[in-house]
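# Residue-level structure breakdown
Each chain, letter by letter, is given below.
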Amino acid sequence: MSNDLGIDRSGNNNSWTVTNLAYSDQMLDSPTNNFCTMNPLDKTNIGAVVYTEGNLVVDPTPTESGAPIKIFNNVYVSSGKWYWEVTALNFGTSFTTSPHSALRIGVTNAYNYHATETSNSIMSQSGDYVIYLTDGRKINNGTYTSYGSEIQKLDILQIALDLDNNKIWFGNNGTWFASGNPTTGANPAFSNLEAGDYAFGINDWNRTSHAGKFAVNFGQDSSFAGNKTSQGNQDSGGIGDFYYTPPSGFKALCTKNLPAVAVTPSEHFNTITYTGTGNTNNPQTVGFQPDLVWFKSRSASRAHVLVDAVRGVTKELVSNSTGAEQTSSATQDLTAFTSTGFTLGTPYNNSANESGASIVAWNWKANGSGSSNTDGSVTSTVSANVDAGFSIVGWNANMGEDTIGHGLSKAPELVIVKNRTDADRNWVTLNTTGTDKSGYINSTNAMDTGNLPYFFGDNSTYTAPTATVFTVGNNEQVNGSSDNIIAYCFHSVDGYSKVGSYTGNGNADGTFVYTGFRPAFLLMKVTNTASDWHIVDSARDVDNVIQKTLDPNTSSAEGSGSNRFDFTSNGFKLRQTSGSYNGNGSTYIYLAFAETPFKYSNAR
């Protein structure tokens, strides 16, 4: 009831006096269920949007330049069936009742948006599924097709997104366009949506005087900030407040409706910091038995040292070096993997346990010392954490074009290969998000496509990884004759890890990158120019701003710049204009691991 706002129903008489609040100001959000909103961090054309009503009303102000703008929500989805509503409160100074043809509303594939679209592009490319508000035409990949009808001011546009069957419907004021029926799956606007994470977007490509002001309802307010009379309709799970009843099986975009997380991040990845003692029997607690530990001194210029369970505790590789594998004694550096972490001995590389040094260790769980894998043309030894999308792969090379079994259930998106035997061999790195590229993690060199056939092909043709194997060429860097080779393979896992790419905007109000979790660890590199690799994490920077970096290609001590990143509940936001992180139009790759999945994450 409208007069119930502020009433304490517990019987303790702690009611509040309502001042300057309307009934429509009260949302359905709770500590255990938060609804989607628009995201003020996730937009193009910096500073050009006013967000009000708890980020449910967006106003791309016409006083800004006429460059295109795209506005997105804060919950991306890759599966399931979802429903939400939008109404136009205003169509700008020149259009009081009808929208300008520049206005588009729909969904966009996050890969398409972050990796390939520039700030001046419009939502009409592959991966964008939208309609014009002026006449209801649908648009995808530059093709405009007759579909719906004009959306008037205060009409309620309905969107039903079915990512289990890759379809989307649009409707208006209770009627689905083109006799569509989301419940039965009939007559969708599009039925060929690409796989990926989808965001809801509003796009105005010419805002000089035609901006639209919109109110969005993801299930928390069918009054649209008091502009309509609430109807109180719920999804099939009894959640939400919609103006129209959602189609059967379609849900409100809220954390309670998000799928359960299959991987608990803290059980598979963890970062620890400690002070070295220089003594034997120095145990460190990780929270699980790690199978890959990456050490780096924060306080001194020391090597990045990697030790894994497939090679054994005395075998060390240095990421900032092209050198061959080094062997410590049984009482030096990492002396044992334990059920809860690892034990350190006296220093060997002065990276793992130097007396008085401040040290960080990044830890991944695989599956112990590994087992034989015959999926490829060469038998490999694989320690695979299939659920977490990570494997350690070792093999003895024969200088041929070979396939190597990696032990995962999906094709790896990031493969890091190191020749253990020969000196002067790079850490060859393959990234398959965006345009497939290779580079060296020990080098500042730009990444490119030119060497792909030599490292991951037959010298003339590149072969992408599959769900069972990746290909290495007859190149000494990755497959030298009789050499021992090690590879670390990663693919994205919802709510736990993300291998991806993004495009910088060169602004302090930088690009927002959606991961689906609050990051605990981020490795990244600009691909098109020469620059360092960077690692940041939430153990060294507990709160925002994230600015303490270590560079895998150098031995330098920890750097502390200004305002580099914010880690948010659902991704990360660039806060720096440097070309190493956020150059305008530059492309970046990244590997991120979760602190907390978005379903359970709190903003900071």
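All of the points below concern the structure found in this document. (Residues numbered from 1 in each chain as written. Predicted model: local features only at pLDDT ≥ 70, side-chain atom pairs only at ≥ 80, totals over all residues. Heavy atoms only, no water.)

## Quick notes on the overall build of the chain
Helix and strand counts for the chain come out as 4 helices and 40 strands. Classification of the 604 residues of the chain by burial places 57% in the buried group. Carbon and sulfur atoms provide 43% of the accessible area of the chain, an area that totals close to 21,600 Å². (Helix = DSSP H or I, 4+ residues; strand = E, 2+ residues; numbered from the N terminus. Buried < 20%, exposed > 50% of the residue type's maximum accessible area, 1.4 Å probe, protein only. Areas by Shrake-Rupley, 256 points an atom, 1.4 Å probe, with all protein chains shown as cover.)

## Examining unusual backbone geometry
At the junction of Asn544 and Val545, the peptide bond is cis and its omega measures out at 10° in the coordinates. Counting through the fold element by element, Val545 comes out in the loop between strand 36 (534-537) and strand 37 (546-549). Even without being glycine, Phe224 reaches a positive phi, approximately 50°. Given a relative accessible area of 1%, Phe224 falls into the buried group. Positive phi, normally seen in glycine, also occurs at Met399, with a value near 60°. Relative to the helices and strands, Met399 is located in the loop between strand 26 (390-396) and strand 27 (402-405). Its relative accessible area of 30% is what places Met399 among the partly exposed residues.

## Things to note about the sheet that holds strand 20 (residues 326-327)
Ordered by their spatial adjacency, 6 strands build an open sheet running 15-23-17-18-19-20, and the pairing between neighbours is antiparallel. Only two strands of the sheet have a single partner each, and these edge strands are strand 15 (269-275) and strand 20. As judged from the 7 bridges shared by strand 15 and strand 23 (residues 358-364), these two strands associate in the antiparallel manner. Each bridged residue has a counterpart across the sheet, and for Phe269 the counterpart in strand 23 is Trp364. (Pairing = 2+ DSSP bridges.)

## Some details on the pattern of salt bridges
For the structure on display, the rule yields 15 salt bridges. Across the pair Arg298 and Glu558 runs a salt bridge whose closest N-O atoms are separated by 2.9 Å. Pair noted here: Arg298 is in the loop between strand 17 (292-297) and strand 18 (305-308) and Glu558 is in the loop between strand 37 and strand 38 (559-568), with a separation of 260 residues, a long-range link. Overall, Arg298 belongs to the buried group, its relative accessible area being 16%. With relative accessibility at 23%, the residue Glu558 sits in the partly exposed group. Taken together, the salt bridges that share partners define one network made up of Arg298, Asp537, Arg540 and Glu558. (Salt bridge = Lys/Arg side-chain N within 4 Å of Asp/Glu carboxyl O.)

## Things to note about the sheet that holds strand 39 (residues 571-574)
Read across the sheet, 4 strands follow the order 34-39-38-37 without closing on themselves; strand pairing throughout is antiparallel. Here the strands that pair on one side only, and so sit at the sheet edges, are strand 34 (512-514) and strand 37. With direction set aside, neighbouring strand axes in the sheet form an average angle of 35°. Pairing between strand 37 and strand 38: 3 bridges, direction antiparallel. (Axes fitted to C-alpha atoms, helices over the stretch in contact; angles between N-to-C directions.)

## As for the side chain of Asn257
If you trace the backbone, Asn257 turns up in the loop between strand 14 (213-217) and strand 15. At 2.9 Å, the side chain of Asn257 forms a polar contact with the backbone oxygen of Ala252. Excluding residues that lie within four positions of it along the chain, Asn257 makes contacts with Trp82, Asp235, Ile239, Lys251, Ala252 and Lys599. (Polar contact = N/O pair within 3.5 Å; in protein donor to acceptor, adjacent residues only side chain to side chain. Contact = heavy atoms within 4.5 Å.)

## What about the pairing of strand 19 (residues 315-318)?
The pairing of strand 18 with strand 19 spans 2 bridges and is classified as antiparallel. Note on strand 19: the bridge partner recorded for Val305 is Val318. Between strand 18 and strand 19, which pair antiparallel and follow one another directly, the connecting turn spans 6 residues, one of which, Gly312, has a positive phi of 110°. Direction of pairing for strand 19 relative to strand 20: antiparallel, over a ladder of 2 bridges. Across the sheet, residue Lys315 finds its bridge partner in strand 20, namely Thr327.

## Topic: the packing of aromatic side chains
To describe a pair of aromatic rings, one takes the distance between the centres and the angle between the planes. Following the criterion strictly, the structure yields 37 aromatic pairs and no others. The interplanar angle of 70° and the centroid separation of 5.9 Å between the aromatic rings of Trp362 and Phe521 together place this pair among those described as edge-to-face. Of the two residues, Trp362 sits in strand 23 while Phe521 sits in strand 35 (residues 517-526), which places them 159 residues apart along the sequence. There is no split in this pair, since Trp362 and Phe521 are both buried. Taken together, a centroid distance of 6.5 Å and an interplanar angle of 40° make the contact between Trp364 and Phe390 tilted. You can see Trp364 sitting in strand 23 and its partner Phe390 sitting in strand 26, a full 26 residues away along the chain. Taken together, the ring pairs in this structure connect Phe269, Trp294, Trp362, Trp364, Phe390, Phe490, Tyr496, Phe521 and Phe593 into an aromatic cluster. Sitting over the face of the ring of Phe190, Lys138 holds its NZ or CZ atom 5.5 Å from the ring centroid. Over the aromatic face of Tyr243 sits the side chain of Lys228, whose NZ or CZ is 5.9 Å from the ring centroid. (Phe/Tyr/Trp six-rings, centres within 6.5 Å; stacked < 30°, edge-to-face > 60°. Lys NZ or Arg CZ within 6 Å of the ring centre and 35° of its normal.)

## Here's the deal with the pairing of strand 25 (residues 380-385)
Across a regular strand the side chains alternate sides, sitting on one face of the sheet and then on the other. In terms of burial, strand 25 is largely enclosed, as 5 of its 6 residues are buried. The sheet contact formed by strand 24 (residues 371-373) and strand 25 spans 3 bridges and is antiparallel. Each residue of the ladder has a partner; that of Asn373, found in strand 25, is Ser380. The hairpin turn running from strand 24 into strand 25, its antiparallel successor, is 6 residues long. Inspection of the sheet shows strand 25 paired to strand 26 by 5 bridges, in the antiparallel sense. For Thr381, the partnering residue across the bridge sits in strand 26 and is Gly394. Hairpin connection, strand 25 to strand 26: the antiparallel pair is bridged by 4 residues, and Gly389 has positive phi, about 65°.

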